[in-house]
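The lines below spell out each chain.
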Amino acid sequence: MDLASRYKGVVGLVFGDNPSSNEDSYIQRLLDRISNGTLPDDRRNAIVELQSVVAESNAAQLAFGASGFPVIVGILKDQRDDVEMVRGALETLLGALTPIDHARAQKTEAHAALMNSDLLSREAENITLLLSLLEEEDFYVRYYTLQILTALLMNSQNRLQEAILTTPRGITRLMDMLMDREVIRNEALLLLTHLTREAEEIQKIVVFEGAFEKIFSIIKEEGGSDGDVVVQDCLELLNNLLRSSSSNQILLRETMGFEPIISVLKLRGITYKFTQQKTVNLLSALETINMLIMGGADTDPGKDSNKLANRTVLVQKKLLDYLLMLGVESQWAPVAVRCMTFKCIGDLVDGHPKNRDILASKVLGEDRQVEPALNSILRIILQTSSIQEFVAADYVFKTFCEKNREGQTMLASTLIPQPHPTTRDPLEDDVNMSFGSVCISMLLRGICSGETDGDLETCCRAASILSHVLKDNIQCKEKALKIVLESHVPSMGTPETLFQRIVRYLAVASSMKRKDKSSTMGKLYIQQIILKLLVTWTVDCPAAVQCFIDSRHHLTYLLELVANPAATVCTRGLASILLGECVIYNKSNENGKDAFAVVDAVSQKIGLTTYFSKLEEMQSSFLFSSSEAPREGHKPLTRTATPSEAEIEDADTAKAMDKGNEDHPMLISLFDPSFTGLVKSLEGKIRERIVDVYSRPKSEVAVVPADLEQRSGENEKAYINRLKAFIEKQCSEIQNLLARNAALAEDLASSGRNEESQGSVQRSSTVMEKVQMESIRRELQEASQRLETVKAEKAKLESEASDYKNMAAKLESDLKGLSDAYNSLEQANYHLEKEVKSLKGGEDPMEFPDIEAIKEEVRKEAQKESEDELNDLLVCLGQEESKVEKLTAKLMELGVDVDKLLEDIGDESEAQGESDEEEDDDH
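It should be emphasised that the depicted structure is a prediction, and the values quoted were computed from it without experimental measurement. For every chain, the first residue of its written sequence is number 1, and the numbers climb from 1 along that sequence. At least 70 in pLDDT is required for a residue's local features to be given in this predicted model, at least 80 for side-chain atom pairs to be given and counted, and no such filter applies to totals for whole chains, interfaces and linings, which use all residues. The side-chain figures draw on all heavy atoms in the structure; neither hydrogens nor water molecules are used.

Draft legend 1. Seen up close, the overall build of the protein. Looking only at helices and strands, the protein has 44 helices and 4 strands in total. Each residue is placed in one exposure class: buried if its accessible area under a 1.4 Å probe, protein chains only, is under 20% of its type's maximum, exposed if it is over 50%, and partly exposed if it falls in between. Scored against the burial criterion, the 923 residues of the protein give a buried share of 46%. For this analysis, residues touch if any pair of their heavy atoms sits within 4.5 Å. Here the analysis covers contacts within the protein between residues at least 6 apart in sequence; of these, 73% occur between residues at least 24 apart. For the protein, the exposed surface amounts to about 48200 Å²; the carbon and sulfur share of it is 53%. Under the DSSP-based scheme used, a helix requires at least four consecutive residues in state H or I and a strand at least two consecutive residues in state E, with every element numbered from the N terminus. Accessible surface area values rest on a Shrake-Rupley calculation with a 1.4 Å probe, where residue burial reflects the displayed protein chains alone.

Following this line, the structure appears as structure tokens:
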């Protein structure tokens, strides 16, 4: 009674108490007969009536939920021996948990089945009781019990999962049902499929109970992909166990192996018919293969090693052969199957060099129609009418070329145009041609037909393949630049390179778009894919940039495309990126083609603020914002929601269209994270490079201007003055240019941030003032440095002049001493002569020596000594005079008045001489 009151209380709170209704009273009478009836037949008839009423009426379900569960649960507990009563009780429960058709139910009625499921699952003992019924021998008891558990799982999944985990042998009993009769097995399989969808603990127990062996046993019994919906349930259960568990994948690989799942992909007979259910089964098997290829959840630490091992084993088990048969050779297969097959092939070779080599060596066809598998995939890319198949097959080439320089070089080495391309020949005639020849042939055929028939789609697809071949491979890029194509009308044009032809077709696609505005989507993706090729081609390739800017028409068209309001956001953004590459990878020094010329053209024709706004619009567009988010996989294919082939094929398109994307939705797949990441990194480099170019224009001058050379007959002073005037003029012009460019650079670097025009003007004036102040500061610093240099030179010259002055004073002193000695000698001579005269006057000359002879001899000796001293003095004076002349010239160069300096020195000497004479007089 406590349980009954609890049920009544819950229902009463939700729906209100209304015991006077006919349904309530009728349900109460039936429950009373079942509980208190004395005759077994009467009780059985009452439960049959109750089951019928509950299955037909939403109100009856509500009334039953208010008070009927305790009665029915009591029967299941206490009357196990009465099989008919147990069956009736289970059918009644199933009816109470099964929603009434909403078309027949009133909109105001509550969801009684959901409410009843919640009431029944609140008591864990009820789930344990139901699981115990699975051991009963009666077929219908087990069958109805499984259906009740499935209904509870749909409405109260978490509670049922917790109750089953806490019940001893709960999962084991369900697994045993897989070995029961077919109907029971199928119900148990469906229940386990729902239980394991997100419950990791239940997945582990199911695998421990031998799920892999039982699943593949059922698949084999049902005939693989030729089976019915049971095979789909088996594959869905298998996918639940493998989806995020590397350990379960390793267990499968080391126990059962991958052969059972690979065998599901094997087609039986050439006239194999693909029904909707068979298509879904194949898609489920391909999903399983893809899970094994991916190796488990991203957070699993052993994912990478498990992924590598799985891919190696799958290829060893000939999986590539089955995939190529299903996706390439079986063109009668549904598009969804072929697309999923190409995805598996791409994932299988992605980052696995050995698998890439095996794919490159695969050939398809028989006898004379044998051709490499890559050629066949290329043909599908260029010929298929399904955009989804083109994207999926393109993914194979992307993964094959990713970080595969040898493979890229191999493909690029075959890029040789045919001597005389026959653009109207059937495409099947190219079977025996090499990959590159087929690519160029298809490219030319698509281009020529595009110009005449208005369809460049084939060219666009070939361009997508070519972008994979050239990505991150400078050798392949330079080799492709050398490809010269003949004009489609030889007499009307000259040969042009493949690069120039691609640029021309970009312009053709733009003009075609303007002419054809009838379709909603049209061929909007053609321009973007060609631009993607050009962006990929010119990255780190100055030769490609040079080839692009060699023709001024290319740059002019690109500027028009960026400014074209009719173009999509992605088209304008990619064109802006291509313009930026012409700046950052431009190595030309030729006027009009260098980086500064490109930036100047962008500034004049578009405006730097507008230019950078195109890049920001592209980064915020749907294509680029969606590529940064994790890609969502397809919704699992379940029995309850099996989509048709058209729904599978158009799922991505509908999703993109719902978000209002103006670009074609298939570009989401082609613009993978690696490309969008490249574009984002290029945007940063472009901003930095343009700011650098505009802030520091050409400063490296290789040739000295003629004005800097000294003219004939021009003296040093005039030459220096002219150079000074020339430099001042150049400095003024450079400062003005730097101020203008720096203002523009700062403005463009911070553009696109929704500032008002007044703020931009203020910022520009602030930058101008800063530049002028910096110029004045720099000039002041240079003048200070020049002043310090002049002061140092002046001090040095003054020191040298003082030394010379001291030396001259010493020489004069020595000359004065020599003059005094000479005077003393003259005086001594005079006294001697006087003594001689006095002697002559008083005595006999014969008694005295010859005074005159002695005098002459002494005079000669004195004269000789004086002459030697004078010669030495003259030599010294000559040397000093030379030094004085050099010093005089140096002082004149420095602007010192030499005459005044000598006068000062003379005045000092005269003053010193007078002082010396006064001293002599004193003595």
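Draft legend 2. Layout of the nonpolar core. We define the nonpolar core as a collection of buried residues of types Ala, Val, Leu, Ile, Met, Phe, Trp, Tyr and Cys that are connected through side-chain atoms lying within 4.5 Å of one another. Judged by nonpolar contacts, the single largest core of 212 residues is most densely connected at Leu-174, Ile-261 and Trp-537. Excluding its chain neighbours within four sequence positions, the residues that come into contact with Leu-174 are Leu-131, Leu-134, Leu-146, Leu-149, Ile-164, Ala-188, Leu-191, Leu-192 and Leu-195. The next biggest cluster of nonpolar side chains, apart from the first, holds 5 residues, and it includes Leu-797, Leu-887, Leu-891 and Val-898.

Draft legend 3. Representation of the packing of helix α9 (residues 139-155) against helix α12 (residues 182-195). All axes are obtained by fitting lines to C-alpha atoms, using only the stretch in contact for helices, and the reported angles, taken between N-to-C directions, cover 0 to 180 degrees. Two elements in contact, α9 and α12, have axes separated by 10 Å at closest approach and are oriented at 20°. Classed by the angle they form, the pair α9 and α12 counts as roughly parallel. As for how α9 packs across α12, the hand of that crossing is left-handed. The residues of α12 that touch α9, namely those facing Phe-139, Arg-142, Tyr-143, Leu-146, Gln-147, Leu-149, Thr-150, Leu-153 and Met-154, are Val-183, Ile-184, Glu-187, Ala-188, Leu-191, His-194 and Leu-195. Orientation labels follow simple angle bins: below 35 degrees gives roughly parallel, above 145 gives roughly antiparallel, 65 to 115 gives roughly perpendicular, and whatever is left gives oblique. If you view the pair so one helix is near and one far, a crossing is left-handed when the near helix is turned anticlockwise from the far one by less than a right angle, and right-handed when it is turned clockwise.

Draft legend 4. Main features of the pattern of salt bridges. Salt bridge, as applied in this entry: a Lys or Arg side-chain nitrogen positioned within 4 Å of an Asp or Glu carboxyl oxygen. All chains considered together, the criterion is met by 34 salt bridges. A salt bridge links Asp-42 to Arg-33, with the nearest nitrogen and oxygen atoms 2.8 Å apart. Take Asp-42: its relative accessible area is 27%, and that puts it in the partly exposed class. With its nearest N and O atoms 3.7 Å apart, the salt bridge here joins Asp-550 to Lys-593. Highlighted residues: Asp-550 in the loop between α31 (542-549) and α32 (552-563) and Lys-593 in the loop between α33 (569-584) and α34 (595-605), separated in sequence by 43 residues. Residue classification places Asp-550 among the partly exposed positions, given a relative accessible area of 39%. In the salt-bridge network here, residues are joined through shared partners; they are Asp-41, Arg-44, Asp-82 and Glu-84.

Draft legend 5. Main features of the side chain of Ser-386. Along the chain, the position of Ser-386 falls in the loop between α23 (373-383) and α24 (387-401). Since its relative accessible area comes to 7%, Ser-386 is described here as buried. Any pair of N or O atoms that falls within 3.5 Å is considered a polar contact. Within protein, one atom must be able to donate a hydrogen and the other to accept it, and sequence-neighbouring residues count only if both atoms are side-chain atoms. Within the structure, the side chain of Ser-386 is placed 3.4 Å from the backbone nitrogen of Gln-388, a separation counted as a polar contact. A distance of 3.3 Å separates the side chain of Ser-386 from the backbone nitrogen of Glu-389, its partner in a polar contact.

Draft legend 6. Spatial organisation of helix α3 (residues 40-56). Along its 17 residues, α3 runs 25 Å from first to last C-alpha, staying within 8% of the 24 Å computed at 1.5 Å per residue. In the core, the buried residues of α3 are packed alongside α2 (22-36), α4 (58-67), α5 (69-78) and α6 (83-97). Take the number of residues in a helix, subtract one, and multiply by 1.5 Å to get its expected span.

Draft legend 7. Region of the structure containing the packing of aromatic side chains. For Phe, Tyr and Trp, rings pair up if their centres lie within 6.5 Å, where Trp contributes its six-membered ring, and each pair is then called stacked (planes under 30 degrees apart), edge-to-face (over 60) or tilted (otherwise). By the definition in use, this model includes 9 aromatic pairs. Plain terms: the ring middles of Tyr-143 and Tyr-144 are 5.8 Å apart, the flat faces sit at 55° to each other, and that makes the pair tilted. The residues Tyr-143 and Tyr-144 share a single accessibility class, namely buried. Between the aromatic rings of Phe-671 and Phe-675, the centroid separation amounts to 5.1 Å while the plane-to-plane angle is 50°, which identifies the pairing as tilted. For Phe-671, a relative accessible area of 0% corresponds to the buried category. For Phe-675, a relative accessible area of 5% puts it in the buried group. The rings of Phe-139, Tyr-140, Tyr-143 and Tyr-144 are connected pair by pair, giving a single aromatic cluster. The ring centre of Phe-139 lies 4.3 Å from the NZ or CZ of Arg-181, which sits over that ring. Whether a charge sits over a ring depends on NZ of Lys or CZ of Arg being within 6 Å of the ring centre and within 35 degrees of the ring normal.

Draft legend 8. Quick peek at empty space enclosed by the protein. The rule is simple: put a 1 Å grid over the protein atoms alone, call a set of points where a 1.4 Å probe fits but cannot get out a cavity, call an open set with protein on both sides within 12 Å along at least five of seven lines a pocket, and count a residue as lining if it has an atom within 4 Å of a point. Grid points are joined across faces, edges and corners, and a volume is the space filled by probe spheres set on the points. By the definition in use, this model includes 3 cavities of 30 Å³ or more. The calculated volume of the largest cavity comes to roughly 100 Å³. Forming the boundary of the largest cavity are Lys-398, Ser-467, His-468, Lys-471, Lys-532, Thr-536, Asp-672, Ser-674, Phe-675 and Leu-678. Elements with a minimum of two residues in the lining of the largest cavity: α27 (457-470), α30 (525-538) and α40 (673-695).

Draft legend 9. Quick look at the confidence of the model for the protein. Averaged over all residues, the pLDDT of the protein equals 78, while 76% of them reach at least 70. A residue's pLDDT is the confidence the predictor assigns to it, expressed on a 0 to 100 scale. Helix α21 (residues 335-349) holds the highest mean pLDDT among the elements of the protein, 94, whereas helix α1 (residues 2-15) holds the lowest, 42. In the model, residues 1-20 has pLDDT below 50 throughout and makes 28 contacts with residues more than four positions away in sequence or in other chains.

Draft legend 10. Representation of the packing of α4 against helix α7 (residues 112-121) within the structure. Put simply, α4 and α7 touch, their axes get as near as 9 Å, and they point 15° apart. What the angle tells us is that α4 and α7 run roughly parallel. In the packing of α4 onto α7, the handedness of the crossing is left-handed. Contact residues: α4 offers Asn-58, Gln-61, Leu-62 and Gly-65, while α7 offers Ala-112, Ala-113, Asn-116 and Leu-119. In this count, Pro and Cys sit with the nonpolar residues alongside Ala, Val, Leu, Ile, Met, Phe, Trp and Tyr, while Asp, Glu, Lys and Arg are called charged and the others, Gly among them, polar. Its residues placed into classes, the contact of α4 with α7 shows 4 nonpolar, 4 polar and no charged.

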